[in-house]
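What the coordinates show
Now for the letters of each chain:
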Amino acid sequence: MATKAPEFQATALEAIPKIASLARGQFRTHKTKNLEWRKTQLRKLYWALEDFKPQLVEALKSDLGKSSFEALLTEVDWVKKDCMWMLDHLDSFAKDQKLGSPDVPATYSIMNFRVKKEPLGTVLIIGPYNYPVQLLLCPLVGAIAAGCTAVLKPSELTPACAMWTKELIEKRLDSGSFSVVNGAIPETNALMNEKWDKIFFTGSAQVGSIIAQKAAQTLTPVVLELGGKNPAFITKNCSNLALAARRLLWGKTQNAGQVCMSQNYVLIDKDLVPTFIEFLKVAYKDMFPNGAKASPDLSRIVNKRHFQRIKKMLDDTQGKIVMGGELDESELYIEPTAVLVNSVNDSMMQEESFGPIFSIYPVNTLDEALNIANLIHKTPLSLFTFGNKAENNRILNEMTSGGATINDGFFHGAVNTVPFGGVGDSGWGAYRGKASFDSFTHFRTIAETPGWAEKLIRVRYMPYDFKALAFLNRLTESKPNFDRSGKVVKGFGYWITFLFGLGGKSAKGAFLRWLVVLVAHYLYTNRSS
Ligand SMILES: NC(=O)C1=CN([C@@H]2O[C@H](COP(=O)(O)OP(=O)(O)OC[C@H]3O[C@@H](n4cnc5c(N)ncnc54)[C@H](O)[C@@H]3O)[C@@H](O)[C@H]2O)C=CC1
Ligand SMILES: CC1=C(/C=C/C(C)=C/C=C/C(C)=C/C=C/C=C(C)/C=C/C=C(C)/C=C/C=C(\C)C(=O)O)C(C)(C)CCC1
């Protein structure tokens, strides 16, 4: 039986410097460098999540109206899987990486170049409200794996989750190495006044910019996982419009569309619009046979402020609601809603939805769709394509995004082991899978110069000797196979490479090469003078 979450309590401002200093002190003991120590923390986190599961599921219900199905699939079990995956791969990630060819030229191979994976140090992780467990604790898995100590700042908008997270981290993980500071802007500002070795921020672009500016003052590196106005493209060659409608509706129903990577708007060939709307309604009926409000699966909007923000987008639109449209503030309920619009300046195109609503914008051509999408937001977090192969490739080629899914809603972000991150103003850096480990790791290059090699490498010392330099260059410089206009020159080297590439590495290939050599030799020796 789950107990009710402790009442939300912000961490005392004067305690924050001590918490940060303790985490820094714990890092300086060097215990986190030990892989077994890190694994123990990951194992403890796994079991803490398992043991606090009922509390977290209930907290997600009370903070966001999240169903227990989603609470498990996308939050608690998600992070548990992350712990297990990291435990399985940590040894190989943390191992020194020997550097050889092509990184190290053969002439320097005696220096035993290698890359040592070092923890960055003590890091700050700031989380958003929409997936309060997953988006706070997955970065933590990366930080623990890399050997960092960490202070976490959950969103104050999900207070029950914030309080349980504090309890599970501080009761179960190494004391002082991992702490949770609860609170809002003053507490985050107090944290930002401390020196960190990295700040991992997930949230809005507006706050991300504040964090990045403050971090820049102390040259602290930041990862920013931000939002975006994400487009979906449906072309006239879309092979299954019903499936496109169903899958895009999914993107706006999970967590009531409070998913930073779900679509904001759909650019669709104008001839397909009426059928697409019909298919959306069919998919809606399938998912919510008794209406969305009665569904036990649909989350609620996190609070009145966000409810009003989403409602304003609907109030301000000049478009026509073609699916959904019901709102009930007393329940923070917003029905999955599609709005047919005809202007890029419409509120439904210009604002980030971050809720269960999206717009449909009819276009005449794919060129027009690409122009509009690039105009609305050039570097969104995601994009989705529903066209034929050539069109999908064209969209991916002509518009960038943090990640992308072909033929579905946000599936590229629905697997916990592949890298996830934004581009440009939708985010800096990536995590999940190995990227989580890398994100908190310093890749430190080490060289080791043997004493016996002194004579070989003395060219570097003064007084400089140009003859020795010329000799070194002969050994290390490669000749360009291109001329000043950038064209590849097919000289002797090219034909030799071509010849040796003929037929690949097989015996047949070797036979072919010798055949060419013999024929060339025969032709040369028997040429008419
Ligand atoms: N790329 C990604 O992985 C994700 C991005 N997001 C984005 O996050 C936003 C929604 O999440 P929110 O929690 O509302 O984001 P938010 O930016 O309002 O808050 C995020 C965190 O920053 C803190 N914060 C808020 N205002 C601050 C200030 N002035 N100074 C310092 N700290 C401050 C909050 O306490 C919270 O912990 C959306 O824009 C969404 O697109 C959300 C989830 C995932
Ligand atoms: C079981 C067998 C098979 C395979 C079955 C398959 C492929 C099942 C697929 C299940 C699917 C589609 C599950 C969908 C899961 C969606 C998830 C986990 C969504 C997660 C969303 C998240 C984490 C959201 C994050 C939000 C973020 C970051 C944000 O707001 O920014 C075979 C292979 C067919 C064989 C037989 C058995």
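The protein is annotated in an unreviewed UniProt entry as Aldehyde dehydrogenase of Apiosordaria backusii. Recorded in UniProt under Sequence similarities (unreviewed entry), the annotation for the protein is "Belongs to the aldehyde dehydrogenase family."

So, on to the sheet that holds strand β20 (residues 441-446). Taking strand neighbours across the sheet as the criterion, the 3 strands line up as β1-β2-β20 in an open arrangement whose pairing is antiparallel. Every other strand in the sheet has two partners, leaving β1 (97-98) and β20 as the edge strands with one partner each. When β1 meets strand β2 (residues 114-119), the two strands line up antiparallel, connected through 2 bridges. Bridge pairing links K98 to R114 in β2.

In this section: the packing of aromatic side chains. Under the defined criterion, the tally for this structure stands at 12 aromatic pairs. On the basis of an interplanar angle of 45° and a centroid distance of 5.7 Å, the ring pair of F93 and F437 is categorised as tilted. Taken together, the positions of F93 in helix α4 (residues 68-94) and F437 in helix α15 (residues 434-439) put the pair 344 residues apart, joining distant regions of the chain. F437 carries the same exposure label as F93, and that label is buried. Between K66 and the ring centre of Y131, over which it is positioned, the NZ or CZ distance is 4.0 Å. Across from the ring centre of F93, 5.6 Å away, lies the NZ or CZ of K434, which sits over that ring.

Let us now look at the UniProt feature "active site" (unreviewed entry) in the protein. Per the UniProt record, the feature "active site" (unreviewed entry) sits at E225 and C260. In terms of the greatest pairwise C-alpha distance, the residues named above, spread along 36 residues, form a tight cluster of at most 9.3 Å across. Following the sequence through the fold, E225 ends up in strand β7 (residues 222-225). Given the relative accessible area of 4%, E225 is considered buried. Here C260 shows up in the loop between α9 (241-253) and β9 (265-269). By relative accessible area, which is 18% here, C260 ends up buried. When neighbours within four sequence positions are excluded, C260 is seen to be in contact with N130, L226, G227, G228, N230, F354 and L381.

On to the site of ligand 1, then. In the region of ligand 1, 27 residues are neighbours, and K153, E156, S204, L226 and E352 sit closest. At 3.2 Å, a backbone N or O of Y129 approaches an oxygen atom of ligand 1. About the coverage of ligand 1: the protein hides 91% of its 840 Å² of free accessible area. For the shell around ligand 1, the secondary structure elements donating two or more residues are α7 (185-192), β6 (198-202) and α8 (205-217). Broken down by class, the residue content of the shell around ligand 1 amounts to 14 nonpolar, 9 polar and 4 charged.

So, about the state of the cysteines. If you walk through the whole model with that rule in mind, you get 0 disulfides. No disulfide involves C161; its sulfur sits 14 Å from that of C138, the nearest cysteine.

Basis of the calculations
Residue positions are counted from 1 within each chain, in the order its sequence is given. In the order they appear in the text, chains get letters beginning with A and ligands get numbers beginning with 1. For this predicted model, a pLDDT threshold of at least 70 governs which residues receive local features, and a threshold of 80 or more governs which side-chain atom pairs are given and counted, while totals over whole chains, interfaces and linings are taken from all residues. To obtain the side-chain values, all non-hydrogen atoms of the structure were included, while hydrogens and water were left out. UniProt positions are given in the numbering used here, feature names are shortened, and annotations may be inferred rather than shown by experiment. Pairs of strands are assigned from DSSP output, requiring at least two bridges between the strands. The helix and strand labels rest on DSSP assignments: H or I over at least four residues marks a helix, E over at least two residues marks a strand, and numbering proceeds from the N terminus. Here the aromatic set is Phe, Tyr and Trp, taking the six-membered ring for Trp, and pairing holds for ring centres within 6.5 Å; pairs whose planes are under 30 degrees apart are stacked, those over 60 apart are edge-to-face, and all others are tilted. The classification of residues rests on relative accessible area computed with a 1.4 Å probe and restricted to protein chains. Under 20% of the type maximum is buried, over 50% is exposed, and intermediate values are partly exposed. Should the NZ of a Lys or the CZ of an Arg lie within 6 Å of a ring centre and within 35 degrees of the ring normal, that charge is described as sitting over the ring. Whether two residues touch is decided by their heavy atoms; if any such pair falls within 4.5 Å, the residues are in contact. When we say a residue is near a molecule or strand, we mean one of its heavy atoms is within 4 Å of it. N or O atoms closer than or at 3.5 Å make up a polar contact, with two conditions inside protein: a donor-capable atom paired with an acceptor-capable one, and, for residues adjacent in sequence, both atoms drawn from side chains. Working definition of accessibility: Shrake-Rupley area with a 1.4 Å probe, residue cover restricted to the visible protein chains. Under the scheme applied, nonpolar residues are Ala, Val, Leu, Ile, Met, Phe, Trp, Tyr, Cys and Pro; charged residues are Asp, Glu, Lys and Arg; polar residues are all the others, including Gly. Criterion for a disulfide: a pair of cysteine sulfur atoms within 2.5 Å.

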